[in-house]
Amino acid sequence: MDVLHFFKERTRFIRQFYDAAAGPFVSTMRAIEDSLPPFDNPPYSEDGEPAYLVEWLEASEGLEVLGRTCLSMLSPSLQLYFRTWEQQIGVRWEVGERKKAFGKGFIEGYLTCFEQVLGISRSDCTADLALIQQITLARNRDQHPEEITSMRVAHSKSDREKHSRLFFMSEQDRAMFDDADLAKLSFLNPAVHVSRAQLEVAIGEAEKLADWLDGHLVHARWKG
């Protein structure tokens, strides 16, 4: 089985899915901003709010959910890549060792596993492993929301402690939380934000890790 091929088929689909699903949201937001039909004849209002604000916010929220959904597809795709290779090369664990290795998440667990089994070092990998670990953290936050009143999903305090500079943030949140004084004034944790550009970077780093591992794994498979 060409495991890398099937992994990249998944990442190809994620890119395609985002672009196809984002279209209606982006079109709605642009039409409102440029006063294009059907948003070119705003109803009379004295409340002072911009015309079609609700519709614009709903479309923006749709993009937020879409970005997180795609990231939540990328994380298990990477896990499936690891798990399939674990089976292909016949990894055998001592009692309790697998649980111990995966105590800090599946990224750390599989990296430790393959380092030991293949005799390689993650220091030779050019992928941004810290960013890849943040993929799983953001996915976990998205899959376990805490507030029924909002579609917003926030990073946890522990995530911020693990990673001093979170990747999946909006530029507005980054500007606030990079300013220590402003960050102290905020009673909210920054939102998990996944733009198309951020998603592309995350996919690229995951593919880079898979490319690096695959040569070693293929060699071990056929050597065995």
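Refer to the preceding data block for the structure.
One structure accompanies this document, and this report is about it. (Residues numbered from 1 in each chain as written. Predicted model: local features only at pLDDT ≥ 70, side-chain atom pairs only at ≥ 80, totals over all residues. Heavy atoms only, no water.)

If you walk through the whole model with that rule in mind, you get 12 salt bridges. Put simply, Glu-205 and Lys-208 hold a salt bridge, and the shortest N to O gap is 3.3 Å. In this pair, Glu-205 and Lys-208 are both assigned in helix 9 (residues 196-223), three residues apart and thus about one turn of the helix distant. On the basis of relative accessible area, Glu-205 is assigned to the buried category, the value being 13%. Among the charged side chains, a salt-bridge network with shared partners connects Arg-15, Asp-19, Arg-196, Glu-200 and Glu-207. (Salt bridge = Lys/Arg side-chain N within 4 Å of Asp/Glu carboxyl O. Helix = DSSP H or I, 4+ residues; strand = E, 2+ residues; numbered from the N terminus. Buried < 20%, exposed > 50% of the residue type's maximum accessible area, 1.4 Å probe, protein only.)

A few words on the nonpolar core. Leu-71, Tyr-81, Phe-82, Phe-114, Leu-209 and Leu-213 are the most contacted members of the largest nonpolar core, which has 48 residues in total. Broken down by secondary-structure element, the contributors of at least two residues to this core are helix 1 (3-33), helix 2 (53-88), helix 4 (106-118), helix 5 (129-143) and helix 9. The biggest single contributor to this core is helix 2, with 10 residues. (Core = buried A, V, L, I, M, F, W, Y, C linked by side-chain atoms within 4.5 Å.)

Bringing the side chain of Glu-207 into the picture now. Mapped onto the fold, Glu-207 is located in helix 9. The class for Glu-207 is buried, based on a relative accessible area of 14%. Filtering out sequence-adjacent residues up to four positions away, Glu-207 remains in contact with Phe-7, Lys-8, Thr-11 and Arg-15. (Contact = heavy atoms within 4.5 Å.)

Turning our attention to the packing of helix 2 against helix 4. Where helix 2 contacts helix 4, the axes come no closer than 11 Å and their chain directions differ by 25°. Taken together, the axis directions place helix 2 and helix 4 in an arrangement best described as roughly parallel. Between helix 2 and helix 4 lies a crossing of left-handed hand. Here Ser-75, Leu-78, Gln-79, Phe-82, Arg-83, Trp-85 and Glu-86 of helix 2 lie close against helix 4, whose contacting residues are Phe-106, Ile-107, Tyr-110 and Phe-114. (Axes fitted to C-alpha atoms, helices over the stretch in contact; angles between N-to-C directions. Parallel < 35°, antiparallel > 145°, perpendicular 65-115°, else oblique. Left-handed = near helix turned anticlockwise from the far one by under 90°.)

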